[in-house]
Amino acid sequence: MHIESTSHEPPYRTGTLKGLTLDEVQEMLPDISADIRVSGDRKVTMTWRFLANRKPCGIWDYRKSYELRGELSTFGPDEIFAALFGEAYTTL
């Protein structure tokens, strides 16, 4: 799978990652740095933006869901996230 950085904003949530550390997420995206700037509305505190096989994808911490429940929101094709994160990924 070819993964590259992008600047697009994930438009909406399509799934969830649960039970992974932030380091484990970063290990699966070694060439993608998390953007740790807090969004203007202060709802998103961390975002990975990337293209996987030319398809836009994103992972983000919405309203401290990682801190509170160990969950990160995702946007992108189910097959991409299932391949990258296995059972830690669930679709909506």
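As a reminder, the structure under discussion sits directly above these lines.
Quick caveat: nothing in here was measured; it's all calculated off a predicted structure. (Residues numbered from 1 in each chain as written. Predicted model: local features only at pLDDT ≥ 70, side-chain atom pairs only at ≥ 80, totals over all residues. Heavy atoms only, no water.)

Q: Quick question: what am I supposed to make of the pairing of strand β2 (residues 15-18) here?
A: Note on strand geometry: in a regular strand, side chains alternate between the two faces of the sheet. The pairing of β2 with strand β5 (residues 71-75) spans 4 bridges and is antiparallel. Bridge pairing links G15 to T74 in β5. In this sheet, strand β6 (residues 89-91) lies alongside β2 in antiparallel orientation, the contact comprising 3 bridges. When the bridges of β6 are listed, G15 appears paired with T91. (Pairing = 2+ DSSP bridges. Helix = DSSP H or I, 4+ residues; strand = E, 2+ residues; numbered from the N terminus.)

Q: How should the environment of T21 be read in this particular structure?
A: In this structure, T21 sits in the loop between β2 and α1 (22-28). Considering only alpha carbons, one finds T21 and G70, 49 residues apart in sequence, at a separation of 8.1 Å.

Q: What is the right way to look at the pattern of salt bridges in this model?
A: A side chain of one charge can pair with a side chain of the opposite charge if their charged atoms are brought near each other. Per the stated rule, a full pass over the model turns up 5 salt bridges. Notably, a salt bridge pairs E71 with R69, separated by 3.5 Å at the nearest N-O pair. With a relative accessible area of 17%, E71 lands in the buried category. Counted as one network, the salt bridges with shared partners bring together E9, D35, R37 and R49. (Salt bridge = Lys/Arg side-chain N within 4 Å of Asp/Glu carboxyl O. Buried < 20%, exposed > 50% of the residue type's maximum accessible area, 1.4 Å probe, protein only.)

Q: Would you explain unusual backbone geometry in this entry?
A: Note: most residues except glycine have negative phi, and most peptide bonds are trans. At R42, a position not held by glycine, the phi torsion is positive, near 65 degrees. Topologically, R42 is positioned in the loop between α1 and β3 (44-52).

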